[in-house]
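Structural characterization, general
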Amino acid sequence: MSLIHPTAVIEEGAVLGDNVEIGPFSIVKKDAKLANGVKLHSHVVVDGYTDIGENTQIFPFSAIGTVPQDLSYQGEEVRLIIGKNNTIRENVLINPGTLKDKGETIIGDNNLLMGSTHVAHDAVLGNDIVMVNQSMVAGHVIIEDGVIIGGSTPIHQFVRLGEYSMIGGGGAVAQDIPPYCLAEGNRAVVKSLNLVGMRRRFEKSDISALTNAYKILFRSGEPLKESAEKLIQTDENEKVKYLCKFIMTTKRGIPYERK
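Quick look at the structure, then. Treat the numbers as computed from the prediction; the structure is a model and nothing was measured. (Residues numbered from 1 in each chain as written. Predicted model: local features only at pLDDT ≥ 70, side-chain atom pairs only at ≥ 80, totals over all residues. Heavy atoms only, no water.)

We now examine the overall build of the chain. For the chain, the count of helices and strands is four helices and 27 strands. Relative to the compact-globule value of 18 Å for 259 residues, the chain shows a C-alpha radius of gyration of 20 Å, a close match. For the chain, the spread of C-alpha atoms along the principal axes amounts to about 65 × 40 × 30 Å. At a minimum sequence separation of 6, the contacts of the chain that also span at least 24 residues come to 32%. Taken as a whole, the chain presents about 11,900 Å² of accessible surface, with 50% of it coming from carbon and sulfur. In the chain, 27 positive and 31 negative side-chain charges are present, and the distance between their average locations comes to 8 Å. (Helix = DSSP H or I, 4+ residues; strand = E, 2+ residues; numbered from the N terminus. Rg over C-alpha atoms; globule rule 2.2 N^0.38 Å. Contact = heavy atoms within 4.5 Å. Areas by Shrake-Rupley, 256 points an atom, 1.4 Å probe, with all protein chains shown as cover. Lys, Arg positive; Asp, Glu negative; His and termini not counted. Charge placed at Lys NZ, Arg CZ, Asp CG, Glu CD.)

Below you can see the structure in the form of structure tokens.
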């Protein structure tokens, strides 16, 4: 049974699943869809063509699905799709897509967006991501699974963050960060592998292979893409191959300290 506070506003046309909870003074607009078990705390706004997946929880003063902050937007039908089991804390702003891109902002499953974070138009976030307080994702950004973004960190438009990478707090990311790497600084540069995160998830053989590959890629002094191309041909480890393919296909470049 759904629990809807009498001061909440649910516009006609909104679709609510089973066991939805909507707290005081929250607003759900007519084109929104809330799946089973979604919980909105007080003072949450869900606007536009927004789909929110099962058991996602949204805390007070968050604005979800309000129109994109982009001057090209002229009232078109654009979407925000949020997966299941996400936790979206206080004062979070998430915008839908624009027709300059695919018209959708997409957030996967099991993500934690801490207080005052922002996900802009046309961004695509995978699963198991942590955005720490006041981190900001600009338009058209791609964030792969398992990424951790430190507090007060802005991510530039069109940047791609590879899976299980980590961005130190207070950085500013203007180029692509490869999978499994730790980047720090303003502007953020690759400093090392994200060994702590890798040890939580990967086999020792994968960590060993990635450690060797990292030295060849970032410490040999050879051109980065040439080293990546050679490793793809000679290293059989799938994670190494993925790291190298990421480097070879980067559009914004890889920021790292050349030794």
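On we go.
Next up on the list: the pairing of strand β15 (residues 104-107). Here β15 shows one buried face, formed by Thr105 and Ile107, and one open face, formed by Glu104 and Ile106. In the sheet, β15 pairs with strand β18 (residues 124-125) via two bridges, with the strands oriented parallel. When the bridges of β18 are listed, Ile107 appears paired with Leu125. (Buried < 20%, exposed > 50% of the residue type's maximum accessible area, 1.4 Å probe, protein only. Pairing = 2+ DSSP bridges.)

A sheet is described by the order of its strands in space; here 11 strands give the open sequence β1-β4-β7-β10-β13-β16-β19-β22-β25-β26-β27, paired in mixed fashion. Bordering the open sheet on either side are β1 (3-4) and β27 (189-193), each of which pairs with just one other strand. Packed on one face of the sheet, helix α2 (residues 204-218) meets β26 (181-184) and β27 and runs near 145° to β27. (Axes fitted to C-alpha atoms, helices over the stretch in contact; angles between N-to-C directions.)

Three or more residues of helix α3 (residues 224-234) are buried, namely Leu224, Ser227, Ala228, Leu231 and Ile232. Along the long axis of α3, the arc covered by the buried residues comes to 140°, so they all point the same way. Exposed residues on α3 whose side chains face more than 90 degrees from its buried face are Lys230, Gln233 and Thr234. Along its buried surface, α3 packs onto α2 and α4 (238-249). (Arc of directions from axis to C-beta.)

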